[in-house]
Amino acid sequence: MAVAADSAESALFLRFASASNVDDTLLEQIDADIARLAADYVSKPVSELFHDIGTLRRGVFDLLRGRQYPYQTSHLYLQAGRLCGLVTHVALDLGQYTAAATHSRTAWRCAESAGHNGLRAWIRSVQSLIAYWQQDHRQAAELARAGLPYADSGTIAARLLSLEARATAALGDGASALRAVEAAAAARSTATAVDLPGVFTFPEAKQWTYVGTALLALGSRRHVNRAIEASSRSIALYESAPQQEQSSGDLLAARLDLANAHLAHGDLNGVQEKLSVVLDAAPDRRTASISSRLRALSTRLAEPPYASSPIVLSLRENVREACSRPALTNPPELPQ
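Residues numbered from 1 in each chain as written. Predicted model: local features only at pLDDT ≥ 70, side-chain atom pairs only at ≥ 80, totals over all residues. Heavy atoms only, no water.

1. Side note on unusual backbone geometry
As a reminder of what qualifies: Here a helix means four or more residues in a row that DSSP labels H or I, a strand means two or more in a row labelled E, and each is numbered from the N terminus.
Across the junction of Pro-304 and Pro-305, the peptide omega takes the value 5°, indicating a cis bond. Relative to the assigned elements, Pro-305 resides in the loop between helix H14 (288–301) and helix H15 (310–324). Phi is positive for Gln-135, close to 70°, though the residue is something other than glycine. Following the sequence through the fold, Gln-135 ends up in the loop between helix H6 (117–133) and helix H7 (137–147).

2. Some details on the layout of surface pockets
Short version of the rule: A cavity, in this analysis, means grid points on a 1 Å lattice covering only the protein atoms where a 1.4 Å probe fits yet has no way out; a pocket is instead an open set bounded by protein on both sides within 12 Å along at least five of seven lines, and a residue lines either one if it has an atom within 4 Å of a point. Grid points are joined across faces, edges and corners, and a volume is the space filled by probe spheres set on the points. Here the term charged refers only to Asp, Glu, Lys and Arg, the term nonpolar to Ala, Val, Leu, Ile, Met, Phe, Trp, Tyr, Cys and Pro, and the term polar to all other amino acids, Gly among them.
If you add up the space inside the largest pocket, you get close to 890 Å³. Surrounding the largest pocket, 42 residues form its lining, Val-42, Val-199, Lys-206, Ser-247 and Asp-250 being those nearest its centre. Of all elements in the fold, only helix H2 (24–43), helix H4 (70–93), H6, helix H8 (156–170), helix H10 (204–218), helix H11 (221–240), helix H12 (248–264) and H14 reach the threshold of two or more residues within the lining of the largest pocket. The element contributing the most residues to the lining of the largest pocket is H2, with 5 residues. Partitioned by chemical class, the residues of the lining of the largest pocket number 20 nonpolar, 11 polar and 11 charged. Leu-216, Ala-217, Asn-260, Ala-296 and Arg-300 are the residues nearest the centre of the second largest pocket, which is lined by 19 residues in total.

3. So, H7
Defined as follows: Buried residues are those whose accessible area, probed at 1.4 Å on protein chains only, stays under 20% of the maximum for their type, while exposed residues exceed 50% and partly exposed ones sit between those limits. Think of the arc as the fan of directions from the helix axis to the C-beta atoms. Between two residues, a contact is recorded if the distance between any of their heavy atoms is within 4.5 Å.
Three or more residues of H7 are buried, namely His-137, Ala-140, Ala-141, Leu-143, Ala-144 and Gly-147. In a view along the axis of H7, the buried residues occupy a sector of 165°, so they form one face of it. Here the buried face of H7 lies against H6 and H8.

4. Side note on helix H3 (residues 50–64)
Residues lying three or four places apart along an α-helix face the same way, a consequence of the helix completing one turn every 3.6 residues. Defined as follows: Residue count minus one, scaled by 1.5 Å, sets the expected span of a helix.
Compared with an ideal rise of 1.5 Å per residue, which puts 15 residues at 21 Å, H3 spans 21 Å between its outermost C-alpha atoms and is within 8% of the ideal. Those residues of H3 not exposed but buried are Phe-50, Ile-53, Gly-54, Leu-56, Arg-57, Val-60, Phe-61, Leu-63 and Leu-64. Check the buried side of H3 and you find it contacts H2, H4 and helix H5 (97–114).

5. Considerations on the nonpolar core
What counts, and what does not: Nonpolar cores were defined as sets of buried Ala, Val, Leu, Ile, Met, Phe, Trp, Tyr and Cys residues, with membership established by side-chain atoms within 4.5 Å.
Membership of the largest hydrophobic core comes to 40 residues, with the highest contact counts inside it found for Ile-53, Leu-76, Leu-86, Trp-122 and Val-199. Only H2, H3, H4, H5, H6 and H8 provide two or more residues apiece to this core. Formed by 23 residues, the second largest nonpolar core is a distinct cluster that contains Ala-91, Ala-157, Leu-163 and Phe-202.

6. Describing the packing of H7 against H8
How we decide: Axis definition: a line fitted to C-alpha atoms, over the contacting stretch in the case of helices. Angles run 0 to 180 degrees between N-to-C directions. Throughout, the term roughly parallel applies to angles under 35 degrees, roughly antiparallel to angles over 145, roughly perpendicular to angles from 65 to 115, and oblique to all others. Note: crossing handedness is left-handed where the near helix turns anticlockwise from the far helix by less than a right angle, and right-handed where it turns clockwise.
Following both chains from N to C, one finds H7 and H8 inclined at 160°, their axes separated by 8 Å at the closest point. Our classification of the angle between H7 and H8 gives roughly antiparallel. Between H7 and H8 lies a crossing whose hand is left-handed. On H8, the residues that touch His-137, Ala-140, Ala-141, Ala-144, Arg-145 and Gly-147 of H7 are Leu-160, Leu-163, Glu-164, Ala-167, Thr-168 and Ala-170. For the contact of H7 with H8, the per-class residue count stands at 7 nonpolar, 3 polar and 2 charged.

7. Observations regarding the pattern of salt bridges
What counts is decided by this rule: When a carboxyl oxygen of Asp or Glu lies within 4 Å of a side-chain nitrogen of Lys or Arg, that pair is called a salt bridge.
Applying the stated criterion across every chain, the model contains 11 salt bridges. Two residues, Glu-239 and Arg-255, come together in a salt bridge whose shortest N-O distance is 2.6 Å. With Glu-239 in helix H11 and Arg-255 in helix H12, this pair connects stretches of sequence that are 16 residues apart.

8. Structural notes on the packing of H8 against helix H9 (residues 174–190)
As a packed pair, H8 and H9 sit with axes 8 Å apart at the nearest point and diverge in direction by 165°. Between H8 and H9, the interaxial angle falls into the category roughly antiparallel. As for how H8 packs across H9, the hand of that crossing is left-handed. Touching Ala-157, Ala-158, Leu-161, Ser-162, Glu-164, Ala-165, Thr-168 and Ala-169 of H8 are Ser-176, Ala-177, Ala-180, Val-181, Ala-183, Ala-184, Ala-187 and Arg-188, all from H9. A breakdown of the residues in the contact of H8 with H9 according to their chemical character gives 11 nonpolar, 3 polar and 2 charged.

Structure below.
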């Protein structure tokens with residue numbers, strides 16, 4: 001009797017251990033949905049995507065509250081981490097940095113539970129972005145460096161080094177910034193793995209956008225000239241790419257960097273030409289970072305010797321008018 005009862009207990013546990021609320025087909029479908037949303041995020045307005053991102057993320061959270069085989073649980077944590085990363089980007093683009101930081105910490109916890117180094121490295125890159133746009137450039141550089149030990153053979157090392165270059169340049173550390181720019185170029189040349197699409201990869205065009213911003217921050221005439229070359233190359237690469245791979249945010253950022261570079265050279269007509277494209281962009285393409293760049297440029301235009309120029313007065317009025325229009329705002333159903 002004791003042996004029979006003991007075997008019945010094992011049989012009961014077998015049923016428990018064999019239960020799963022997911023199957024491999026469902027996991028495959030969630031992977032496909034994440035890849036689609038990540039790819040769409042590059043070229044589509046956030047307002048068209050936030051609902052689907054939030055719905056899918058909540059669905060994965062619900063699945064994790066059930067039972068599945070250990071390998072399925074690990075896969076679900078990876079998916080949850082990637083979706084939390086996408087939601088982090090939504091909050092970041094809306095300028096909601098506290099919410100973005102919360103989402104990124106959840107994404108990190110999921111990456112830890114999944115044991116996935118690639119996701120760990122990518123999350124550190126997004127956390128570096130949050131710190132950068134909060135003007136904590138030292139923390140932005142440290143977070144970028146903290147992601148490097150987890151970098152795999154994809155483009156994430158180039159992304160992290162480019163983020164470090166931009167942050168250290170903002171700190172005025174030209175030597176570190178230039179070293180990071182060179183290291184990022186070397187990392188790209190050795191990248192072999194294929195990344196997930198969209199925001200999970202780091203295209204060459206985006207890398208040149210970051211290089212342009214970093215060089216521009218260094219300020220000398222030589223670096224400003226190199227920044228013009230880098231930003232122009234970024235624009236050319238994006239414009240030659242398929243429409244769905246053209247990042248509207250990076251294109252606007254590169255043009256604003258070009259406007260600032262022309263301003264540094266005293267070329268007000270060049271400023272007007274580059275800035276006009278940004279001002280004509282649809283409001284839902286203007287993320288918090290683009291609005292921040294616009295306001296910073298307006299402040300520079302108010303400084304001597306530009307402030308009294310008729311062109312500058314007109315430009316500043318145009319910038320004020322653009323910034324007064326509703327830009328990318330908090331959608332009513334922003335994922336929480």
